[in-house]
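Each chain, letter by letter, is given below.
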Amino acid sequence: MRYSLDQLEIFSAVVSAGSFSAAARQLRRPQSTVSTAIANLETDLGMELFDRGTKIPTLTEAGRRLLREVSEVLDRCLDLEHHAHSLNQGVEPALTLAIEIPYDALTQPLAAFAQAFAFVDVEIRHPLDGDVSALVRQGQAQLGVAFSQPNYPRELGFVQLGKLVMSHVAAGGHPLARLDSVSFAELHRHRRLAFSAHSEGLPSTEYLRSPRCWRAESYLALLEMTRAGLGWATLPRRLVRGEIERGELVELRLEAYPHTDWLVGVDLLWNKSAPLGPAARWLRDELARSKISERDSAGHPTTF
């Protein structure tokens, strides 16, 4: 006969309680039942788990080693039960998020979600054309986090999570980095490096156009191109703060905005016509509570 899950649970209870009698009281079973279960388990495994030569049975070396395996089996069984309970409660097995801002702005709510819904898989999509709202509207993503846009379709719900400070930067050796103040005309004389998803769609980007423009579909690629001196770029300050502090990048001070940070709103989107499941609703509410915070040009924490 093979050992049973019940035998493993009794074995763990005996070790935890310290004796057969204490385990029997804890499990509310006759001590004879506990003793028989342990004896049968030892027979099934072909070894003694407890040294009965002492007043209080103690684990043998084999028992100590197998206890680790037993604990893992029982933990996995609990996971199975929790997973089944989650599915029975109607929790969706997977979620798709569409995100076009730096992911570090969302790590805290996502970490909380991972704790609350351990069995829900998450796929994060980064639309190359920057149209997060289209993915949400078409049902390809349950939630979207994107730079604010005017005139969302009627079926989309949204709430602003905050604002990101955008920095105009160039490599330390770039000609623009030597200027105390940079005009739009000066920007236009040099190659612009733009994030493909929103190179023309953010507020005030009409002032940043250049006859020469290279585009990249990821922030990391754009950051590396900027560090290599291939041109100037407009990037979220939280993404380049370390490079600025180390002197690898220089924040350009635009003549037209001498004392003002360039702020861009960030919205959380969902489809009102497609009801969200329990996990998606929880994450939507958690994201809405976790306002995106930034630091202003003086380095002071700011929440918008």
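Structure shown above.
Residues numbered from 1 in each chain as written. Predicted model: local features only at pLDDT ≥ 70, side-chain atom pairs only at ≥ 80, totals over all residues. Heavy atoms only, no water.

Asker: Break down unusual backbone geometry for me, citing the residues and quoting the values.
Answerer: Despite not being glycine, arginine 28 has its phi angle at roughly 60°, a positive value. Tracing the backbone through its elements, the reader meets arginine 28 in the loop between α2 (20-27) and α3 (31-45). (Helix = DSSP H or I, 4+ residues; strand = E, 2+ residues; numbered from the N terminus.)

Asker: I'd like a description of the nonpolar core, backed by residues and values.
Answerer: Core analysis: the largest hydrophobic core is formed by 47 residues, its most contacted members being Ile101, Leu143, Val145, Phe147, Leu187, Leu235 and Val266. Listing elements by their share of this core, those giving two or more residues are β3 (94-99), β5 (143-147), β6 (156-171), β7 (192-195), α8 (219-227), β9 (232-236), β11 (262-271) and α10 (278-289). If we skip the residues at most four places from it in the chain, leucine 187 touches Leu176, Val182, Leu208, Ser210, Trp232, Leu252 and Leu254. Counting 18 residues, the second largest nonpolar core, distinct from the first, contains Leu8, Phe11, Val14 and Leu74. (Core = buried A, V, L, I, M, F, W, Y, C linked by side-chain atoms within 4.5 Å. Buried < 20%, exposed > 50% of the residue type's maximum accessible area, 1.4 Å probe, protein only. Contact = heavy atoms within 4.5 Å.)

Asker: For the packing of helix α1 (residues 5-17) against α2, give the residues involved together with the corresponding values.
Answerer: The interhelical angle for the contact between α1 and α2, taken along N-to-C directions, is 115°, at an axis separation of 8 Å. It follows that α1 is roughly perpendicular to α2 by the angle criterion. Here α1 and α2 pass one another in a crossing that is right-handed. Residue-level inspection shows Ile10, Ala13, Val14 and Ala17 of α1 in contact with α2, the latter providing Phe20, Ala22, Ala23, Gln26 and Leu27. (Axes fitted to C-alpha atoms, helices over the stretch in contact; angles between N-to-C directions. Parallel < 35°, antiparallel > 145°, perpendicular 65-115°, else oblique. Left-handed = near helix turned anticlockwise from the far one by under 90°.)

Asker: Any chance you could break down α1 for me, citing the residues and the numbers?
Answerer: Compared with an ideal rise of 1.5 Å per residue, which puts 13 residues at 18 Å, α1 spans 18 Å between its outermost C-alpha atoms and is within 8% of the ideal. Buried residues of α1: Gln7, Leu8, Ile10, Phe11, Ala13 and Val14, and no others. In the stretch just after α1, glycine 18 is the one whose phi turns positive, near 100°. (Expected span 1.5 Å × (residues − 1).)

Asker: Just give me the short version of the packing of aromatic side chains, but keep the residues and values in it.
Answerer: Taken as a whole and assessed by the stated rule, the structure comprises seven aromatic pairs. An angle of 80° between the planes, with centres 5.5 Å apart, marks the rings of phenylalanine 20 and phenylalanine 50 as edge-to-face. With phenylalanine 20 in helix α2 and phenylalanine 50 in strand β1 (residues 50-51), this residue pair connects regions lying 30 residues apart in the sequence. Here phenylalanine 20 and phenylalanine 50 have matching classes, each one buried. Ring geometry for phenylalanine 113 and tryptophan 282: centres 6.1 Å apart, planes at 50°, overall tilted. Of this pair, phenylalanine 113 sits in helix α5 (residues 107-116) while tryptophan 282 is found in helix α10, placing the two residues 169 residues apart along the sequence. Linked through ring pairs, Phe11, Phe20 and Phe50 together constitute an aromatic cluster. (Phe/Tyr/Trp six-rings, centres within 6.5 Å; stacked < 30°, edge-to-face > 60°.)

Asker: I'd like a description of α3, backed by residues and values.
Answerer: With 15 residues, α3 should cover 21 Å at 1.5 Å per step; its first-to-last C-alpha distance of 21 Å lies within 8% of that length. Of the residues making up α3, those classed as buried are Val34, Ala37, Ile38, Leu41 and Glu42. Here the buried residues of α3 occupy an arc of 135° about the axis, which is enough to place them on one side. Exposed residues pointing more than 90 degrees away from the buried face of α3 are listed as Ser32 and Thr43. (Arc of directions from axis to C-beta.)

Asker: Pulling in residues and values, what's your account of the pattern of salt bridges?
Answerer: On inspection of all chains with the given rule, the structure shows 14 salt bridges. Its salt-bridge partner being arginine 238, residue aspartate 104 comes within 3.2 Å of it at the nearest N-O pair. Of this pair, aspartate 104 sits in the loop between β3 and α5 while arginine 238 sits in helix α9 (residues 237-246), and the two are 134 residues apart along the sequence. Each of Glu224, Arg227, Glu243, Arg246 and Glu248 takes part in a single network of salt bridges with overlapping partners. (Salt bridge = Lys/Arg side-chain N within 4 Å of Asp/Glu carboxyl O.)

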